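# Notes for the structure review
The residues making up each chain are set out below.
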Amino acid sequence: MARIPRLFVISGPSGAGKGTLLSRVRESRPDLGLTVSATTRSPRPGDVDGVTYHFLDDSDFVARVERGEFLEWADVHGHKYGTLRSEVDRRIADGKSVILEIDVQGAFNVRKVYPDAVLIFIEPPSMEVLEARLRGRGTEDEASIELRLANARQEVALAEKYDARVVNDDLSQATDELAALIDSYETTGGNSNHGSY
Ligand code: 5GP
């Protein structure tokens, strides 16, 4: 069946496993374009400038906001994060579906600009599992873990406003669910009346 390119927005608390899930899904769907966001947070081990994020200093970020370069941006966990219009436009021009992995504030802002965007929320099986994952990752200090947990509680409360939700308990099962959801929105419009973006 022909695929209609869609704009997908994936959110979920830090530690829900969005990144791992998306890379799994993209193994079978390399055509799905993942945009590279800009951020003012410092690179972590494993981060590559221009690949995981465009790492900007605060004044550069603010200048780009003023020039209207962002489709959306938000303060998340004490740093600025934003989606550059150029990243999305490039994918749309290619006629491919686009995936934005952004926080809940960003997701609702994108929905205002693209009402047909498909918002998918990735949930951890429980807050206890989320906390264990965040600590196990070993990339954040205690204050940052506490902040991410507090934000997670607020984010999960907004999950019901999303078009679809995937609980990431078993990684393989969640990967299959997310891939099937994406496929269904591209081929049949999912369970909504949304059109193409
Ligand atoms: P991290 O610092 O762990 O890479 O990301 C922290 C949070 O920032 C995640 O919830 C992620 O979804 C969000 N985020 C990443 N890029 C963007 C973006 O471009 N816009 C918004 N609004 N949030 C983003």
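This write-up is about the structure you can find in this document.

What counts, and at which threshold
- Residues numbered from 1 in each chain as written.
- Predicted model: local features only at pLDDT ≥ 70, side-chain atom pairs only at ≥ 80, totals over all residues.
- Heavy atoms only, no water.
- Salt bridge = Lys/Arg side-chain N within 4 Å of Asp/Glu carboxyl O.
- Helix = DSSP H or I, 4+ residues; strand = E, 2+ residues; numbered from the N terminus.
- Contact = heavy atoms within 4.5 Å.
- Near = heavy atom within 4 Å.
- Polar contact = N/O pair within 3.5 Å; in protein donor to acceptor, adjacent residues only side chain to side chain.
- Areas by Shrake-Rupley, 256 points an atom, 1.4 Å probe, with all protein chains shown as cover.
- Nonpolar A, V, L, I, M, F, W, Y, C, P; charged D, E, K, R; others polar.
- Domains from an automatic or database assignment.
- Core = buried A, V, L, I, M, F, W, Y, C linked by side-chain atoms within 4.5 Å.
- Buried < 20%, exposed > 50% of the residue type's maximum accessible area, 1.4 Å probe, protein only.

Under the counting rule described, the total for this entry stands at 19 salt bridges. One salt bridge in this structure joins Arg-3 and Asp-183, with 2.6 Å as the shortest N-O distance. In this pair, Arg-3 sits in the segment before strand S1 (7-11) while Asp-183 sits in helix H7 (residues 171-188), placing the two residues 180 residues apart along the sequence.

On to the side chain of Asp-47, then. Structurally, the position occupied by Asp-47 is in the loop between strand S3 (38-39) and strand S4 (54-55). When near neighbours in sequence (up to four residues on either side) are disregarded, Asp-47 contacts Arg-41, Ser-42, Thr-52, Tyr-53 and Phe-55.

Surveying the vicinity of the ligand reveals 17 residues, the closest of which are Ser-37, Arg-41, Tyr-53, Tyr-81 and Asp-103. At a separation of 3.3 Å, an oxygen atom of the ligand approaches a polar side-chain atom of Lys-18. Contact distances for the ligand include 2.7 Å between a nitrogen atom and a side-chain N or O atom of Glu-72. With the chains in place, 95% of the 510 Å² that the ligand exposes on its own is no longer accessible. Listing elements by their share of the shell around the ligand, those giving two or more residues are strand S5 (70-76) and strand S6 (79-84). Grouping the amino acids of the shell around the ligand by side-chain chemistry returns five nonpolar, five polar and seven charged. Shared between two domains, the shell around the ligand holds at least three residues of each, these being domain 1 (1-32 + 97-197) and domain 2 (35-95).

Formed by 18 residues in total, the largest nonpolar core has its most connected members in Phe-8, Ile-10, Ile-99, Ile-120, Ile-122, Leu-178 and Ile-182. Those elements that place two or more of their residues in this core are S1, helix H1 (18-28), strand S8 (118-123), strand S9 (164-167) and H7. The biggest single contributor to this core is H7, with five residues. Membership of the second largest hydrophobic core comes to 16 residues, among which are Val-104, Ala-107, Tyr-114 and Ala-117.

Take it as geometry only, folks, not as evidence of what the structure does.
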